[in-house]
Amino acid sequence: MSAQYVKSPEAIARLTRQQRRVTQDDATEPAFQNEFWDKKDAGLYVDIVSGEPLFASTDKYDSRSGWPSFTVPIDPDNIVIKTDKAFGMVRTEVRSAQGDSHLGHVFDDGPVEAGGLRYCINSASLRFIAEADLEKEGYGDYRGLFTTSTPTASTSTEEISR
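Residues numbered from 1 in each chain as written. Predicted model: local features only at pLDDT ≥ 70, side-chain atom pairs only at ≥ 80, totals over all residues. Heavy atoms only, no water.

Asks: Is there a simple way to think about the overall build of the chain in this case?
Replies: Along the backbone of the chain there are 3 helices and 9 strands. Across the chain, helices and strands are ordered from the amino to the carboxyl terminus as α-α-β-β-β-β-β-β-β-β-β-α. Counting only residues that meet the buried cut, the chain has 48% of its 162 residues in that class. For the chain, the proportion of contacts with a sequence separation of at least 24, taken over those separated by at least 6, is 58%. Summed over its atoms, the accessible surface of the chain is roughly 8600 Å², and 48% of this surface lies on carbon and sulfur atoms. (Helix = DSSP H or I, 4+ residues; strand = E, 2+ residues; numbered from the N terminus. Buried < 20%, exposed > 50% of the residue type's maximum accessible area, 1.4 Å probe, protein only. Contact = heavy atoms within 4.5 Å. Areas by Shrake-Rupley, 256 points an atom, 1.4 Å probe, with all protein chains shown as cover.)

In structure tokens form, the structure reads like this:
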């Protein structure tokens, strides 16, 4: 996919207070009080800052955590994994590669049949693009994610511990 995704001052200026806290200051929004935790529509989730494609609704599931949860990213190259030692815990942080937005965390308690990972992502870090709007929004190359039953990209536990 040839699109260029960047973090710009203009994109940062358009963020709401909550989006800025989450993406730029590494905050976490409240569980069950966010836009996409229970969204079931078909579509693509992209970084609110850069627009880079991150997750597909076909890989979203109800983890009962109160945040959107996904089994795999669309393209592992659009995700950066970092060790997060904040708050006296050791967790695995998920950031967008081009936007450098804090997205959430990845855990190893996801559905075993889908690889066992749970990408627990803040709604405030995402913009949803409905399947019907993919072409109009410039994401037409991703239409195939919603018309086939072929699994999308996978990420192994070894990749997570990098």
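Asks: What is the right way to read the pairing of strand β1 (residues 43–47) from this model?
Replies: It is a general feature of regular strands that their side chains alternate between the two faces of the sheet. β1 sits mainly inside the fold: 5 of its 5 residues count as buried. Sheet topology places β1 next to strand β2 (residues 53–56); 3 bridges connect them, and they run antiparallel. Considered in β2, the bridge of Leu-44 is made with Ala-56. Linking β1 back to β2 in an antiparallel pair, the connection comprises 5 residues, with Gly-51 at a positive phi of about 85 degrees. (Pairing = 2+ DSSP bridges.)

Asks: Help me out: how do you make sense of the environment of Gly-43 in this one?
Replies: Structurally, Gly-43 can be placed in strand β1. Gly-43 has contacts with Phe-55, Ala-56, Ser-57, Phe-128, Ile-129, Ala-130, Glu-131 and Phe-146, leaving out every residue within four places of it along the chain.

Asks: Looking at this model, I keep getting lost on the side chain of Ser-65. Mind explaining?
Replies: Tracing the chain through its elements places Ser-65 in the loop between β3 (60–61) and β4 (69–70). Of the polar contacts made by the side chain of Ser-65, one reaches the side chain of Ser-63; its length is 2.8 Å. In terms of polar contacts, Ser-65 uses its side chain to reach the backbone amide nitrogen of Trp-67, at 3.3 Å. When residues no more than four places from it in sequence are discounted, the contact partners of Ser-65 are Ala-31, Phe-32, Arg-118 and Cys-120. (Polar contact = N/O pair within 3.5 Å; in protein donor to acceptor, adjacent residues only side chain to side chain.)

Asks: For this particular structure, what's the right way to read the sheet that holds strand β9 (residues 126–130)?
Replies: If you trace the 3 strands from one edge of the open sheet to the other, you get β2-β1-β9, paired in antiparallel fashion. Only two strands of the sheet have a single partner each, and these edge strands are β2 and β9. Taken pair by pair, the neighbouring strands of this sheet meet at an average axis angle of 30 degrees, ignoring direction. (Axes fitted to C-alpha atoms, helices over the stretch in contact; angles between N-to-C directions.)

Asks: When you look at helix α2 (residues 17–25) in this model, what are you seeing that I'm missing?
Replies: Think of an α-helix as turning once every 3.6 residues; residues three or four places apart then point the same way. All of the buried residues in α2 are Gln-19, Val-22 and Thr-23. Around the axis of α2, the buried residues are gathered within 85 degrees of arc, so they sit on the same side. Relative to its buried face, α2 has exposed residues pointing more than 90 degrees away, namely Arg-17 and Asp-25. On its buried face, α2 sits against β6 (91–96) and β7 (102–107). Once α2 ends, the next one or two residues include Asp-26, with phi positive near 60 degrees. (Arc of directions from axis to C-beta.)

Asks: Help me understand the environment of Gln-19 in this model?
Replies: Residue position: Gln-19 is located in helix α2. Gln-19 sits in the buried class, given a relative accessible area of 16%. If near-sequence neighbours (up to four positions away) are discounted, Gln-19 is found in contact with Arg-14, Gln-24, Ile-48 and Ala-124. Polar contacts involving the side chain of Gln-19 include one to the main-chain amide nitrogen of Thr-16, which spans 2.8 Å.

Asks: Sorry if this is basic, but what is going on with unusual backbone geometry here?
Replies: Glycine aside, negative phi is the norm for most residues, and most peptide bonds take the trans geometry. At Asp-26, a residue that is not glycine, the phi angle is positive and equals roughly 60 degrees. With respect to the helices and strands, Asp-26 occurs in the loop between α2 and β1. For Asp-26, a relative accessible area of 39% gives the class partly exposed. The phi angle at Phe-32 is positive, at roughly 60 degrees, despite the residue not being glycine. Given a relative accessible area of 44%, Phe-32 falls into the partly exposed group.

That's the geometry; what it means functionally is another story.
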